[in-house]
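# Survey of secondary and tertiary structure
As a plain string of letters, each chain reads:
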Amino acid sequence: MMLPITDSDLNGMLVEALESVLPDVWEGVYTGDDLDKYLTFVHYSRGVVYANDRPTAKTWRVTVTLWARNRVNADAEREAVRMAIW
């Protein structure tokens, strides 16, 4: 039986996957140094209810945002983020 994934487990998996693209990854809102490119992510989950009216699965909605300063090309990172999440 597989144990359920917690929020901190998912955070760790996302940071690990996204750090392969850019080393600067944060959950939520980034308010630190002035960087040319960085990644942020947010997520939430909800139970999936089937015919028995009990949550039997959990779905996650994840939003990853690639931030880039004006006139900084981020095309390569955009594709790499997509592949890292996949």
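Notes on the structure follow. (Residues numbered from 1 in each chain as written. Predicted model: local features only at pLDDT ≥ 70, side-chain atom pairs only at ≥ 80, totals over all residues. Heavy atoms only, no water.)

A few words now on the nonpolar core. Here is a general trend for soluble globular proteins: nonpolar side chains tend to be buried in one another's company. Core analysis: the biggest nonpolar cluster contains nine residues, these being L10, L14, L18, V21, L22, V25, L39, F41 and V81. Those elements giving two or more residues to this core turn out to be helix 1 (7-18) and strand 2 (37-49). At three residues, helix 1 tops the list of elements feeding residues into this core. Not counting residues up to four positions away in its chain, the partners in contact with F41 are N11, L14, V15, L18, V25, W26, E27, G28, T63 and V64. (Core = buried A, V, L, I, M, F, W, Y, C linked by side-chain atoms within 4.5 Å. Buried < 20%, exposed > 50% of the residue type's maximum accessible area, 1.4 Å probe, protein only. Helix = DSSP H or I, 4+ residues; strand = E, 2+ residues; numbered from the N terminus. Contact = heavy atoms within 4.5 Å.)

With respect to the helices, strands and loops of the structure, E77 is situated in helix 2 (residues 75-85). Setting aside residues up to four positions removed in sequence, E77 forms contacts with V21, L22, K37 and L66.

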